[in-house]
Amino acid sequence: MKIINVKGMQHEVILEPLCAAIGNFDGVHLGHQKLIEECKRHGYKSAVLTFYPHPSVFLKKIPDYKLITPMEHKADIFSRMGIDYLIIIEFNEDVARLSKEEFILWMKNLNIKSCVCGYDFTFGRKAEGTILDLSKEFEFYEVKKFIFEDVRVSSTYTRELLSLGDVEKANRLLGRVFSIRGEIIYGSQKGRLIGFPTANIEYKNYYLPGNGVYFVTIMIQQKFYYGMCNIGNNPTFNFSLKKRMEVNVFSLDEDIYGENIEVFFHKKIRDEIAFASKNELVEQLKKDREKCYFLSSNMNFTK
């Protein structure tokens, strides 16, 4: 997959005509996947046209907008799906001010001959452009809303499920196991003192699941391990205002600080709660670990 970065209206010349799926694609859920597969069916090189940073950073004035799949993670998913080109438009004030006519001209300059969009896609200044405008200028394919398990699949709904800790249903809507990538950084190291050493993950701008303990699999140096992950503020001791993501990796006893890690969320075990004492916390962690061992014995080792 070739990545084309578009900055300030400048970009590498694309000689091959493209069919482009257009959108933000946060999560690359089943609905997004339907768009992407459609763009591979029409005789042109396939492309995904998306934006960085997420338009909400500018349009909704949310500077720390959290993402189900940040750009690098999305790019890996697109590549695995067999997309030929990933076109990343730097979204800024100038792009936000483009009229629908200017945006269409921009698409033509990218050698886009055909495009695929969701039924509710809008573009251009104040969202003045619609799929009707695109259908007048390109070979156009509209993808209707995607219904799965009686709900419309969307990034917003996926976030709601993650906030509730319902990673099992979120995984079904994503068509894969939700995961977070990050670097293992130094934390307080207090987990070692109670027999549960944890890797503290720098999760950057990922959208975190709701506070609680989760059964997870972990990939470190291309090897997979079972484990449990706590998302939260550590209310019993070592409280943190910023949410922490800490992973207890089973069957791994080595220094992994500085390593990149990917954590795959399979099931929420319990909510995060405050315990009356350290001993009470340790006893609960033992129960959590046993439950994770039980769950691991009933699944194939998989992402």
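See the structure shown above.
Small disclaimer: the values here were computed from a predicted structure and weren't measured. (Residues numbered from 1 in each chain as written. Predicted model: local features only at pLDDT ≥ 70, side-chain atom pairs only at ≥ 80, totals over all residues. Heavy atoms only, no water.)

Draft legend 1. Examining the packing of helix H7 (residues 155-164) against helix H8 (residues 167-174) more closely. Across the interface, H7 lies against H8 with an axial gap of 8 Å and an inter-helix angle of 155°. For the element pair H7 / H8, the angle class is roughly antiparallel. In this structure, the crossing between H7 and H8 has a hand that is left-handed. Counting all contacts with H7, which are made through Tyr157, Thr158, Leu161 and Leu162, the residues of H8 involved are Val167, Lys169, Ala170, Leu173 and Leu174. Across the contact of H7 with H8, the residue classes break down as seven nonpolar, one polar and one charged. (Axes fitted to C-alpha atoms, helices over the stretch in contact; angles between N-to-C directions. Helix = DSSP H or I, 4+ residues; strand = E, 2+ residues; numbered from the N terminus. Parallel < 35°, antiparallel > 145°, perpendicular 65-115°, else oblique. Left-handed = near helix turned anticlockwise from the far one by under 90°. Contact = heavy atoms within 4.5 Å. Nonpolar A, V, L, I, M, F, W, Y, C, P; charged D, E, K, R; others polar.)

Draft legend 2. Up close: empty space enclosed by the protein. All told, the structure shown has two cavities of 30 Å³ or more when counted by the stated rule. The computed volume of the second largest cavity comes to approximately 60 Å³. Elements supplying a minimum of two residues to the lining of the second largest cavity: strand E3 (45-52) and helix H3 (71-80). Each residue belonging to the lining of the second largest cavity can be placed in one class, and the counts come to five nonpolar, three polar and two charged. (1 Å grid on protein atoms, 1.4 Å probe; cavity = no way out; pocket = protein on both sides within 12 Å on 5 of 7 lines; lining within 4 Å. Points joined across faces, edges and corners; volume = space filled by probe spheres on them.)

Draft legend 3. How the structure looks around the sheet that holds E3. The strand order E1-E4-E3-E2-E5-E6 describes an open sheet built from six strands, whose pairing is parallel. Whereas interior strands pair on both sides, the edge strands pair on one side only; in this sheet they are strand E1 (2-6) and strand E6 (139-143). On average, each strand axis in the sheet is tilted by 25° relative to the strand beside it, whichever way the strands run. Pairing of strand E2 (residues 18-22) with strand E5 (residues 112-118) involves four bridges; the strand directions are parallel. What sits directly across from Ala21, in E5, is Val116. In the packing of helix H1 (residues 30-39) onto the sheet, the strands contacted are E2, E3, E5 and E6, and the crossing angle to E2 comes to about 170°. Its contacts with the sheet place helix H5 (residues 100-109) against E1, E2, E3, strand E4 (85-90) and E5, and it is angled at close to 125° to E5. (Pairing = 2+ DSSP bridges.)

Draft legend 4. Representation of the pattern of salt bridges. Under the definition given, this model contains 17 salt bridges. A salt bridge links Glu142 to Lys144; its shortest N-O distance comes to 3.3 Å. For Glu142, a relative accessible area of 35% corresponds to the partly exposed category. Under the relative-accessibility criterion, Lys144 is labelled exposed at 55%. Through salt bridges that share partners, Asp76, Arg181 and Glu262 make up one connected network. (Salt bridge = Lys/Arg side-chain N within 4 Å of Asp/Glu carboxyl O. Buried < 20%, exposed > 50% of the residue type's maximum accessible area, 1.4 Å probe, protein only.)

None of the figures reported here should be taken as evidence of function without further support.
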